[in-house]
Amino acid sequence: MMDPTSWMTIYPEIVLLVMACVIALVDLTVTSPRRTATHVLTLLTLAGVAWLNASYALADQTQYGWGHLVVSDPLGHWLKCFAAVAVLVTLVYARPYAADRDMLRGGELFSLSLFALLGMSFMISGQNFIVIYLGLELLTLSSYALVALRRDHAVATEAAMKYFVLGAMASGFLLYGMSMLYGATGSLQLDEVLQAIASGQIKHQVLVFGLVFIVAGLAFKIGAVPFHMWIPDVYQGAPTAATLLIGGAPKLAAFAIMVRLLVEGLMPLAVDWQQMLSFLAIASLLIGNLAAIAQTNLKRMLAFSTIAQMGFVLLGFVAGVINGQTTLAANAYSSAMFYVVGYVLTTLASFGIIMLLARQGFESEEISDLAGLNQRSPLYAGVMSVCLFSLAGIPPMVGFYAKLAVLQSLIASGQGFYIGLAIYAVFMSLIGAFYYLRVVKVMYFDEPVTATTVSAPADVRVVLSVNGVLVLVLGIVPGALMALCAQAVKSMLAL
Amino acid sequence: MGLLSLAIWTPIAFGVILLALGRDEQVRAVRWLALIGALVSFLVTLPLLQGFDNSTAAMQFVEKASWIERFNVNYHLGVDGISFWFVLLTAFINVIVVIAGWEVIERKVNQYMAAFLILSGLMIGVFCALDGILFYVFFEATLIPMYLIIGIWGGPNKIYAAFKFFLYTLMGSLLTLIALIYLYTASNGSFDILSWHQLPLAGHVQTLLFFAFFAAFAVKVPMWPVHTWLPDVHVEAPTGGSAVLAAIMLKLGAYGFLRFSMPIAPDAAREWGTLMIVLSLVAVVYVGLVAMVQQDMKKLVAYSSVAHMGFVTLGFFIFNPLGVSGGLVQMIAHGFVSGAMFLSIGVLYDRVHSREIASYGGVVNTMPKFAAFALLFAMANCGLPGTAGFVGEWMVILGAVKFNFWIGALAATALIFGAAYTLWMFKRVYLGPVGNDHVRELTDINAREFLMLALLAVAVLYMGLFPKPFTDVMDVSVAELLKHVALSKLPQ
């Protein structure tokens, strides 16, 4: 059990854990209110972890460690690499915002972010119900604390409370589902669960009963309708830095646990969970898009838009297994992965802009706060509109190819129901285009309320520009990222 | 880099440079850079004229490189006799539009010019793309600059117009996306448009595909009854936006019929041809009548555009060489003429700030040079022989008479209505005694406006007097297309 390969599989996580503790301790000696030393150390750690994961992923090997508790495969390492980069970018955007709001005191922002990433890493690479569950809890507990980081802020505290209560319930659902499956199959290991179900010895009703709770728990975590209620409140109430920390990188981890639990563990039940996910996707697309129209608060609008976008991700999961055949599975799940990666990239930039426009005592979270942004700063207006067009799925932004990939996976199934779903999805994205366009309208067509120019520290400016350009460039040359996703999912399915 | 790539990316590159470097403080430099960009972009299309081979229907200047390997999407460009002229037309109109916006636009000049340069590159891309996804990307991407052009520099009701434009056209093209993905699956993983032309498809599949394409292209053309967005948008768009919209953007839809609907679903196209002919005739006759009662000059020209585009679709769906070539010629001619009409209205609007016919009268007294140009364009709009407007309409009517006498006769009434609304407008705006003080104070066109109108006037007259170079390019490709459409693609 203590062989070197086992250690190797979790090497990036060990680095992360050690550094998280080191940073928490180092911060005790830092006195500057802007916490430059802690900040730089955290960014270096994240960059190092991302680099480690990328080099693992490029080695393209699949290894199990600790007696099948965790796996080291390209899919996991790429997701962990992207998650580390996403947290890094979030912290770059967050520092000036947090410094203005006295959120850097004590340096918890940094160590909690690292612990959240550690949780995500175990969600992504877990091969055992308990490991996945512990990873999820580490992530969500860190997130609760991050949302509540402004102790004196009533709205944020309320959001944290809501998040905690609903999140705990979701975790309960998930745990209950896991225990049902454990009782039925006698194992907590994903591969053994898979074999036990595939053997056909276990009563179908029991399995489906457990599956319902698992799917409900997952739906809570990604915020699919009808388990979406916490998303708008938490997105709006949390300080924007915390919103981005829970709305960015964790989506990658949520995608990963869906793959691990549903695909790697419960593939024989695909017919059942595909139906459930279809229902969740239909409802999410409808409610997310319609409710977003009515919002005047930008963060709340983006929250509903997230719900709709997650509906599209779910669609990527529903057409993997057709008539018991898994030939289309890699195609379908890699489209969902590409969608999530593109979505996270876009979300980072759009919330980055919101944080950039916020000043001391001014949150800049109403849509009308963006009025005339093009006249105040053409660059940031450009970045924001690239993001919005991407979310709306207009080419040549990355969001278009994500939608294209998901729709292709639906139509490739050749089933009337899935083709109908594809048509439904494109009409829902037409509704979506309306509210994204409205924000572009406010930025470009309306007159600015204030004439102040927008200023930002050099690091934020550079990262934000690169982020915006990437949304566009990955739209013009999406081939490499698509191939990466396809390759990662293929090697995961080949097991 | 191939010639077509140059034609697409040169204006886009200039547009990006303008966006990155342009400031409102250095407005002169911005304007000159935009003009240089537009001229260079036009010049790089000229070698196409020399290199094009009239005697083959095959794609020419082909470029092919893998783009998105996972979906077998290729960066595949090429032109044939059908798309050839639109590349040059787009680049030409782009130069005119940059000249037209010269002093008129004072706010965010670099963004205005960049939007038009990028838009022109994207539209050339639509005409050159031979890969389904590449086509769709260019086709949809044109919405973004146009949306901004209408919304930032448009009239009082610009926001309504910008949204209507964007959402209306997006709605149509989303179904096309589904059709493209379906064809990808049906052809075992290919987005190659030319291979789709050869793909056998069952009857009901063809019908569904035909209507999925119809949703996008009919809205873009626009055909009756989905034409209602066009007048609203034209009225609010800035002059340059209207000119590009009428001159080029509408052609993207008509071009789509020839590149997608007819060759990919020929059986459905023949089966539903009658419906298309009826819709086209309604556009020609009914919308022509609607144009007659307009009080707003831009609206009048917008409705006249719908009527003229009705001729184009009518020509396509009577399935004979005269009709299809006539439709294509009409598309090019309408590009020149409608562009010129909107720019003329822009000249008046810049001075009086009104588009109402009633605000004018007797303009010829104060602006004689301008009135002469306006008369020429008005004549071209009603299809006077010797102008560009005549050639296409005459060919389509001739083709229609061959197909069915009564259809031809109905289409020919358009010449009467066209003359009626155009000349009546001309009379009320330009002729008679000076109508009011605004008109009395008008100054005649300056050198810039003269240059812009003269370039268009030369094009209109040249095409009217020597249409042969235009039709020569098309003949072989049109014949090949019709041969292809006549064959059934139903699986045996």
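About the cut-offs
- Residues numbered from 1 in each chain as written.
- Chains lettered and ligands numbered in written order.
- Predicted model: local features only at pLDDT ≥ 70, side-chain atom pairs only at ≥ 80, totals over all residues.
- Helix = DSSP H or I, 4+ residues; strand = E, 2+ residues; numbered from the N terminus.
- Buried ≥ 20, exposed ≤ 12 C-beta atoms within 10 Å, placed from the backbone.
- Contact = placed C-beta atoms within 7 Å.
- Rg over C-alpha atoms; globule rule 2.2 N^0.38 Å.
- Nonpolar A, V, L, I, M, F, W, Y, C, P; charged D, E, K, R; others polar.
- Pairing = 2+ DSSP bridges.
- Domains from an automatic or database assignment.
- Axes fitted to C-alpha atoms, helices over the stretch in contact; angles between N-to-C directions.
- Parallel < 35°, antiparallel > 145°, perpendicular 65-115°, else oblique.
- Left-handed = near helix turned anticlockwise from the far one by under 90°.
- Core = buried A, V, L, I, M, F, W, Y, C linked by C-beta atoms within 7 Å.
- pLDDT = per-residue confidence, 0-100.
- Expected span 1.5 Å × (residues − 1).
- Bend = angle between axes of the 7 residues up to and from the residue.

A short note on the overall build of chain A
Thinking step 1. Of regular secondary structure, chain A possesses 21 helices and two strands.
Thinking step 2. Seen along its three principal axes, the alpha-carbon backbone of chain A occupies a region of about 70 × 55 × 40 Å.
Thinking step 3. Within the span of chain A, comprising 495 residues, buried residues form 62% of the whole.
Thinking step 4. Put simply, 79% of the contacts in chain A that link residues at least 6 apart link residues at least 24 apart.

So, the overall build of chain B
Thinking step 1. Helices and strands together make up the secondary structure of chain B, namely 23 helices and two strands.
Thinking step 2. Expected size for 492 residues packed as a compact globule is a radius of gyration near 23 Å; at 21 Å, chain B falls within 12% of this value.
Thinking step 3. C-alpha atoms of chain B, sized along the principal axes, occupy 75 × 55 × 40 Å.
Thinking step 4. Looking at the 492 residues of chain B, the share that counts as buried comes to 61%.

Here's the deal with the interface of chain B and chain A
Thinking step 1. Chain B puts 28 residues into the contact, and the matching count from chain A is 24 residues.
Thinking step 2. Its residues assigned to classes, the side of chain B that touches chain A shows 22 nonpolar, two polar and four charged.

Quick word on the pairing of strand 2 (residues 73-79) of chain B
All names here are of chain B.
Thinking step 1. Counted residue by residue, strand 2 has five buried out of seven residues, so it is predominantly covered.
Thinking step 2. Note: strand 1 (residues 60-68) against strand 2, six bridges, orientation antiparallel. Of the residues in strand 2, the one forming a bridge with I68 is V73.
Thinking step 3. The antiparallel pairing of strand 1 with strand 2 creates a hairpin that spans four residues between the two strands, and N72 there sits at a positive phi of about 55 degrees.

Thoughts on the domain arrangement of chain B
All names here are of chain B.
Thinking step 1. For chain B, the assigned domains are domain 1 (1-263) and domain 2 (272-485).
Thinking step 2. At the interface, 41 residues of domain 1 touch 46 residues of domain 2.
Thinking step 3. Counting only elements with at least two residues in the side of domain 1 that touches domain 2, the list comes to helix 4 (84-100), helix 11 (229-236) and helix 12 (239-264).
Thinking step 4. A per-element tally of the side of domain 1 that touches domain 2 places helix 12 first, with 13 residues.
Thinking step 5. When the residues that make up the side of domain 1 that touches domain 2 are grouped by side-chain class, the tally is 30 nonpolar, nine polar and two charged.

Remarks on the domain arrangement of chain A
All names here are of chain A.
Thinking step 1. In terms of domain boundaries, chain A breaks down into domain 1 (1-168 + 213-260) and domain 2 (272-495).
Thinking step 2. Taking only C-alpha atoms, the centre of domain 1 and the centre of domain 2 are 21 Å apart.
Thinking step 3. If you look at the interface, domain 1 gives 40 residues, while domain 2 gives 47 residues.
Thinking step 4. Residue assignment for the side of domain 1 that touches domain 2 shows that the elements contributing at least two residues are helix 4 (74-100), helix 9 (204-222), helix 10 (230-237), helix 11 (240-247) and helix 12 (249-265).

Topic: the packing of helix 15 (residues 297-316) of chain B against helix 20 (residues 405-430) of chain B
Residue and element names in this part refer to chain B.
Thinking step 1. At a minimum axis separation of 11 Å, helix 15 and helix 20 run at an interaxial angle of 165 degrees. Judged by the angle between their axes, helix 15 and helix 20 are roughly antiparallel. Like other packed secondary-structure pairs, helix 15 and helix 20 cross with a definite hand, here left-handed. Along its contact with helix 15, which presents M297, L300, S304, A307, F311 and L314, the element helix 20 presents A411, A414, G418, Y421, T422 and M425.

Remarks on the nonpolar core
Thinking step 1. Counting residues in hydrophobic clusters, the biggest one holds 415 residues, and the most contacted among them are A83, V147 and L252 of chain A together with I178 and V460 of chain B.
Thinking step 2. The leading source of residues in this core is helix 15 (residues 329-357) of chain A, at 21 residues.
Thinking step 3. Beyond its immediate sequence surroundings of up to four residues, V147 of chain A is in contact with A156, A159, A160, Y163, V234, A238 and A242 of chain A.

A word on unusual backbone geometry
Thinking step 1. In this structure, the amide linkage connecting V225 of chain A to the following residue, P226 of chain A, adopts the cis form with an omega of 10 degrees.
Thinking step 2. Of the consecutive residues V221 of chain B and P222 of chain B, the connecting peptide bond is found in the cis state with omega at -15 degrees.
Thinking step 3. Of note in the backbone geometry, F61 of chain B takes a positive phi value of approximately 55 degrees without being a glycine.
Thinking step 4. Inspection of the secondary structure puts F61 of chain B in strand 1.
Thinking step 5. Residue F61 of chain B is classed as buried on the basis of its C-beta count, with 20 C-beta atoms lying within 10 Å.

Quick look at the confidence of the model for chain B
Segments scoring low in pLDDT should not have their predicted coordinates read at a detailed level.
Thinking step 1. Across chain B, the average pLDDT comes to 89, with 100% of residues at or above 70.
Thinking step 2. With a pTM of 0.92, the predicted complex shows an ipTM of 0.90.

Some thoughts on helix 23 (residues 468-486) of chain B
All names here are of chain B.
Thinking step 1. The end-to-end C-alpha separation of helix 23 is 26 Å, in line with the 27 Å expected for 19 residues at 1.5 Å each.
Thinking step 2. Of all the bends in helix 23, the largest measures some 40 degrees and sits at D475.
Thinking step 3. Of all the positions in helix 23, only F470, V473, M474, S477, V478, L481 and V485 are classed as buried.
Thinking step 4. Residues of helix 23 that are buried sit in contact with helix 4, helix 12, helix 13 (266-271), helix 16 (321-352) and helix 22 (447-465).

Some words on the environment of W85 of chain B
All names here are of chain B.
Thinking step 1. As for its position among the elements, W85 is in helix 4.
Thinking step 2. What makes W85 buried here is the crowd of 26 C-beta atoms within 10 Å.
Thinking step 3. Considered as a pair, W85 and L328 are 243 residues apart in the sequence and their alpha carbons are 9.3 Å apart.
Thinking step 4. Not counting chain neighbours up to four residues away, the residues in contact with W85 comprise I332, F470 and V473.

Topic: the packing of helix 4 of chain B against helix 16 of chain B
Residues and elements named next belong to chain B.
Thinking step 1. With their axes 11 Å apart at the nearest point, helix 4 and helix 16 run at an angle of 10 degrees to one another. Regarding the angle of helix 4 to helix 16, the classification is roughly parallel. Between helix 4, through W85, L89, I93, I96 and A100, and helix 16, the contact on the second element is made entirely by I332, G335, G339, L343 and G346.

Notes on the environment of V477 of chain A
Thinking step 1. Turning to its location among the elements, V477 of chain A is positioned in the loop between helix 20 (458-476) and helix 21 (479-493).
Thinking step 2. Between the C-alpha atom of V477 of chain A and that of M397 of chain A, which follows or precedes it by 80 residues, the distance is 9.8 Å.

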